[in-house]
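Commentary on secondary and tertiary structure
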Amino acid sequence: MVLAALLMALLPIVDRELRVVSRKTSLYWGRLLFAGVGIMTLCLYSLSKDVPSRMSQAMFESLAMFTFVYCALAGVWATADCLSEERRGETLGLLFLTNLRGIDVVLGKMMATSLRSVYGVLAVFPVMAVPLILGGVDFAEFCRVMFVLLVTLFVSLSLGVVVSSRSRSAVKSGAAVFFLMLGLCLFGPLLALILELTPYRSTQGMVSWMSFHSPGFALFSSFDSYYPVSYTH
């Protein structure tokens, strides 16, 4: 709370944009929708007659993967057009005629457009804690997955802002963010898989090193079913 208050005091446009967005009803309906989808997923899994520990683990992994897909693509519809919209309307230059700095404008636009996505993801976290209560997921695994999801969301939103600052078209910006995130998630693991299938097979450590930049690999490694193995090499 102290850090947030200090940030808003130093960056007044961020404070203004957050206050404007916080008054919109779509922000609250979005959180309700995210939590509702998560609860429905838990209800569907609860119909299974499997062992509670395995059922809760399947619940947690499914919710984590669905949330990861949303986090990875959040920049496509949240921030990919935040600055390019101002460029098309030729209003971006007017913002710099004031005493605002570049960081004020960028962070203000990013906060205003990404708050719904951040709140939506945070609304899913309590639902994902239900498998933790059921005993199929331990606290360390839960924390690792939450951290990976938040980092992936931040990377996607930041990438959207960067692409938006270099483009004027909403469609081109969204497509660029989509393919960049897709490449970031798949390039390393696919290249490691190709090397594994060639006669010049790399070591396991080399394969893991090539995949470390991938958010998908980070999510996969954060699950207990793979986490102990991924750090024994």
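Everything discussed here concerns the structure shown above.
Let me begin by describing the structure that accompanies this report. (Residues numbered from 1 in each chain as written. Predicted model: local features only at pLDDT ≥ 70, side-chain atom pairs only at ≥ 80, totals over all residues. Heavy atoms only, no water.)

**Some thoughts on the overall build of the protein chain**
Keep this limit in mind: Secondary structure elements are defined from DSSP: runs of H or I of at least 4 residues count as helices, runs of E of at least 2 residues count as strands, and each element is numbered from the N terminus. The buried label goes to any residue with under 20% of its type's maximum accessible area, the exposed label to any with over 50%, and the partly exposed label to all in between, with areas taken from a 1.4 Å probe on protein chains only. Per-residue accessibility takes into account occlusion by the displayed protein chains alone, with areas from the Shrake-Rupley method and a 1.4 Å probe.
Of the regular secondary structure elements, the protein chain holds 13 helices and zero strands. The helix and strand sequence of the protein chain, counted from the amino end, reads α-α-α-α-α-α-α-α-α-α-α-α-α. Counting the 233 residues in the protein chain, one finds 39% classified as buried. For the protein chain, the accessible surface area stands at approximately 13,400 Å², while carbon and sulfur atoms represent 73% of it.

**Examining the packing of helix 9 (residues 139-165) against helix 12 (residues 215-222)**
Rule in force here: Axis definition: a line fitted to C-alpha atoms, over the contacting stretch in the case of helices. Angles run 0 to 180 degrees between N-to-C directions. Note on terminology: angles under 35 degrees are roughly parallel, angles over 145 are roughly antiparallel, angles of 65 to 115 are roughly perpendicular, and the others are oblique. Any two residues having at least one pair of non-hydrogen atoms within 4.5 Å are treated as being in contact. All amino acids are sorted into three groups, where Ala, Val, Leu, Ile, Met, Phe, Trp, Tyr, Cys and Pro are nonpolar, Asp, Glu, Lys and Arg are charged, and the leftover types, Gly among them, are polar.
Interhelical geometry of helix 9 versus helix 12 gives an angle of 170° and a closest axis separation of 9 Å. Between helix 9 and helix 12, the crossing angle belongs to the class labelled roughly antiparallel. Of the residues in helix 12, those in contact with Glu141, Arg144, Val145, Val148, Leu149 and Thr152 of helix 9 are Pro215, Ala218, Leu219 and Ser222. Per-class residue counts for the contact of helix 9 with helix 12 are six nonpolar, two polar and two charged.

**So, helix 12**
Short version of the rule: Two N or O atoms count as a polar contact when they lie within 3.5 Å, although within protein this holds only if one can serve as hydrogen donor and the other as acceptor, and sequence-adjacent residues are included solely when both atoms are side-chain atoms.
When we look at burial in helix 12, the residues that qualify are Pro215, Phe217, Leu219, Ser221 and Ser222. Measuring from the backbone nitrogen of Gly216 back to the side-chain oxygen at the start of helix 12 gives 3.3 Å, which picks out Ser214 as the cap.

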